[in-house]
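# Overview (structure and organization)
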Amino acid sequence: MDGEITTDEVNELLEDDEDICIVDIRSPQEFTHSHIPDSENVPFHELSSRVEELADEDHIVTVCPHGKASVQAAKLIGTYEGTADARIESMEGGLEKYGMKFGLVRDRDDEDEAEQPESPF
């Protein structure tokens, strides 16, 4: 692991269309609810069995709700020999901080469900 990266730095990289792989370690349901655009969902409990999917990445940023579990995820990714040459960082402050500053996106299906009124019966 190469340390932490700020939410401002992550946003800058995304705005500059840099080659960055953002790994969101939350559950699929949480990811569907909201996430950083173009991020990948690899739940923490699946990370060790899916880490090889990240082998060709040059810059990996792990994210979680508050920036604590993502530190552990970044360390785990860093132990995989296929990511030895990659820059691996955890996003400081997590999605809570990022979302407050820059907003998060929701999957379309989630929005469609939210727009349909719930039946009172």
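Reference entry: report on the structure contained in this document. (Residues numbered from 1 in each chain as written. Predicted model: local features only at pLDDT ≥ 70, side-chain atom pairs only at ≥ 80, totals over all residues. Heavy atoms only, no water.)

### Some points on the side chain of asparagine 41
Along the chain, asparagine 41 turns up in strand S3 (residues 40-41). Overall, the relative accessible area of 17% leaves asparagine 41 in the buried class. Reaching out from asparagine 41, the side chain makes a polar contact with the backbone oxygen of aspartate 24 at a distance of 3.1 Å. For asparagine 41, the contacting residues outside a window of four places in its chain are Asp24, Arg26, Ser27, Pro28, Phe31 and Arg50. (Helix = DSSP H or I, 4+ residues; strand = E, 2+ residues; numbered from the N terminus. Buried < 20%, exposed > 50% of the residue type's maximum accessible area, 1.4 Å probe, protein only. Polar contact = N/O pair within 3.5 Å; in protein donor to acceptor, adjacent residues only side chain to side chain. Contact = heavy atoms within 4.5 Å.)

### Thoughts on the sheet that holds strand S2 (residues 21-24)
Here five strands make up an open sheet; going across it, the order is S1-S5-S4-S2-S3 and the pairing parallel. The open sheet terminates on both sides in strands that have one partner only, identified here as strand S1 (4-5) and S3. In the sheet, strand S4 (residues 59-63) pairs with strand S5 (residues 87-91) via four bridges, with the strands oriented parallel. Bridge pairing links threonine 62 to serine 90 in S5. Contacts from helix H4 (residues 69-78) reach S1, S4 and S5 within the one sheet, and its direction differs from that of S5 by about 170°. (Pairing = 2+ DSSP bridges. Axes fitted to C-alpha atoms, helices over the stretch in contact; angles between N-to-C directions.)

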